[in-house]
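# Descriptive structure summary
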Amino acid sequence: MALQDLAPGHKFPPESLVISEAEATAYAEAVGDASARPPGRVPSMAVIAAGLSRFIKHLGLADGTVEVVHASQEASFSRPVTPGEPLEIRATLKSNAERRGSRFAMVEMSFVDGSGEGVAAASSLIVVNAS
Amino acid sequence: MTAVPSTTGDQLEPIDRTITQSQVEAYAAAAGDHNPIHLDAEFAAKTPFGRRIAHGMLTLAIVSEMLTSAYPDNWASGGRLKVRFRAPVFPGESVHVSGEVTKVTEKDDARTAEIAIVVKKDDGEDVITGQAFVPVD
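The text that follows walks through the structure, step by step, so that each part is easy to find.

This part is about the packing of helix α1 (residues 21-31) of chain A against helix α4 (residues 56-70) of chain B. Packing of α1(A) against α4(B) brings their axes to within 9 Å, and their N-to-C directions diverge by 95°. In terms of orientation, α1(A) lies roughly perpendicular with respect to α4(B). In contact with A:Tyr27, A:Ala30 and A:Val31 of α1(A), α4(B) contributes B:Met57, B:Leu58, B:Ala61, B:Ile62 and B:Glu65. Counted by class, the contact of α1(A) with α4(B) contains 7 nonpolar, no polar and 1 charged residues.

Encoded structure:
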């Protein structure tokens, strides 16, 4: 599945996401201050980061053949996520256009829990340049 | 305990942090983002940046950390943000993450603080700018 072949409105197959306690801790430590992480919670932005990484990997944009730059980000949070909690990522390609040799793609993601309730949502604009 | 920033002009507790290449590598492993522009010096040298850059989401995570500290319950339950990544952060550079309440709106008895988010480098260059919105009691 290549990004240039996808039309706006394309829905990606839902993916499951579970962030373990160890993964949440590793994320908080990597960011720089694990002590700021509320106990028993996944850092809010870790959920969005995991979703965006899946999207980039899914499209083969992390294989070194193209240069990918993150241009803008929106995120919203409905409630905290607990480590080990199963979530589902539902992603839609909202826009996908080439301008002056660069491809601009906006992906919207929603993160829902086991009961189908949204816990977070995000919209990411990435710019892809041939390397 | 520091009061929750909920009045126009209130400043959030800023965070100053130096981003290192080892931190970028730890973040790539933790977030699952192995884009070579962050990790592969040879690849990055051929990009317009000329060298490896930190993940934008790594810097944004520090913004989220600041918001979590300022609004321990409400950021994760009703918070939202909208930001632009304006410049890359190169490993070894320091960033100053700040926020200021610019407006408080009230609708249906619910108050929301609008916060201007600014992340700058030591030389004053903007890295991230945007807004966050957090429910306040």
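The next subject is the interface of chain B and chain A. Contacts between the two partners involve 38 residues from chain B, matched on the other side by 35 residues from chain A. For the chain B and chain A pair, buried surface summed over both sides reaches about 2800 Å², with 60% attributable to carbon and sulfur atoms. If you sort the residues of chain B by the area they bury against chain A, B:Met57, B:Ala76 and B:Phe85 come out on top, with a joint share of 19%. The shortest N-O distance in the salt bridge between B:Asp73 and A:Arg41 comes to 3.3 Å. Linking chain B with chain A are 12 residue pairs in polar contact (both at pLDDT 80 or more), by the criterion used here. Broken down by secondary-structure element, the contributors of at least two residues to the side of chain B that touches chain A are α1 (21-31), α2 (36-39), α4 and β2 (80-85) of chain B. Of the residues forming the side of chain B that touches chain A, the biggest block, 9 residues, is contributed by α4(B). Of the residues assigned to the side of chain B that touches chain A, the class counts are 20 nonpolar, 11 polar and 7 charged.

Let's shift gears to the pattern of salt bridges. The final tally for this structure, using the stated rule, is 11 salt bridges over all chains. Two residues, B:Lys120 and B:Asp126, come together in a salt bridge whose shortest N-O distance is 2.7 Å. With relative accessibility at 32%, the residue B:Lys120 sits in the partly exposed group. A salt bridge links B:Glu125 to B:Lys121; the shortest N-O distance between them is 3.4 Å. Relative accessible area serves as the criterion here: at 36%, B:Glu125 is assigned to the partly exposed category. Sharing partners across several salt bridges, the network here consists of A:Arg79, A:Glu85 and A:Asp113.

This next bit is on the side chain of B:Arg17. Tracing the chain through its elements places B:Arg17 in strand β1 (residues 15-18). Side-chain polar atoms of B:Arg17 contact the backbone oxygen of A:Val31, separated by 3.2 Å.

Let's shift gears to the packing of aromatic side chains. Evaluation of the coordinates by the stated rule reveals 3 aromatic pairs over all chains. When the centroid spacing of 5.3 Å and the interplanar angle of 85° are considered together, the rings of A:Phe12 and A:Phe55 count as edge-to-face. On the criterion of sequence distance, the pair formed by A:Phe12 in the segment before β1 (15-18) and A:Phe55 in helix α2 (residues 44-58) is long-range, its members being 43 residues apart. On the basis of relative accessible area, A:Phe12 is assigned to the buried category, the value being 8%. Taking the relative accessible area as the measure of exposure, A:Phe55 reaches 5% and is therefore buried. A centroid spacing of 5.2 Å and a plane angle of 65° characterise the contact between A:Phe77 and B:Trp75, whose relative ring orientation is edge-to-face. Taken together, the residues span two chains, with A:Phe77 in strand β2 (residues 66-77) and B:Trp75 in the loop between α4 and β2.

Okay, the pairing of strand β3 (residues 86-99) of chain A next. All names here are of chain A. Here 4 bridges tie β1 to β3, and the two strands are oriented antiparallel to one another. The partner of Leu17 across the bridge, within β3, is Leu87. Relative to strand β4 (residues 102-112), β3 is paired through 11 bridges, and the arrangement is antiparallel. Along β4, the bridge assignment pairs Arg90 with Ser110. Following β3, the chain reverses through 2 residues before pairing antiparallel with β4; Arg100 in that reversal takes a positive phi of roughly 50°.

Looking now at α1(A). Of the residues making up α1(A), those classed as buried are A:Ala24, A:Tyr27, A:Ala28, A:Ala30 and A:Val31. Angularly, the buried residues of α1(A) cover 165° about the axis, an arc narrow enough to put them on a single face. Pointing more than 90 degrees away from the buried face of α1(A) are the exposed residues A:Ala22 and A:Glu29. In this structure, the buried residues of α1(A) make contact with α2 of chain A together with β1, α1 and α4 of chain B. After α1(A) finishes, the residue A:Gly32 shows a positive phi value of roughly 135°.

Each value, and the rule that gives it
Residues numbered from 1 in each chain as written. Chains lettered and ligands numbered in written order. Predicted model: local features only at pLDDT ≥ 70, side-chain atom pairs only at ≥ 80, totals over all residues. Heavy atoms only, no water. Axes fitted to C-alpha atoms, helices over the stretch in contact; angles between N-to-C directions. Helix = DSSP H or I, 4+ residues; strand = E, 2+ residues; numbered from the N terminus. Parallel < 35°, antiparallel > 145°, perpendicular 65-115°, else oblique. Contact = heavy atoms within 4.5 Å. Nonpolar A, V, L, I, M, F, W, Y, C, P; charged D, E, K, R; others polar. Buried area = accessible area lost by both parts, 1.4 Å probe. Salt bridge = Lys/Arg side-chain N within 4 Å of Asp/Glu carboxyl O. Polar contact = N/O pair within 3.5 Å; in protein donor to acceptor, adjacent residues only side chain to side chain. Buried < 20%, exposed > 50% of the residue type's maximum accessible area, 1.4 Å probe, protein only. Phe/Tyr/Trp six-rings, centres within 6.5 Å; stacked < 30°, edge-to-face > 60°. Pairing = 2+ DSSP bridges. Arc of directions from axis to C-beta.

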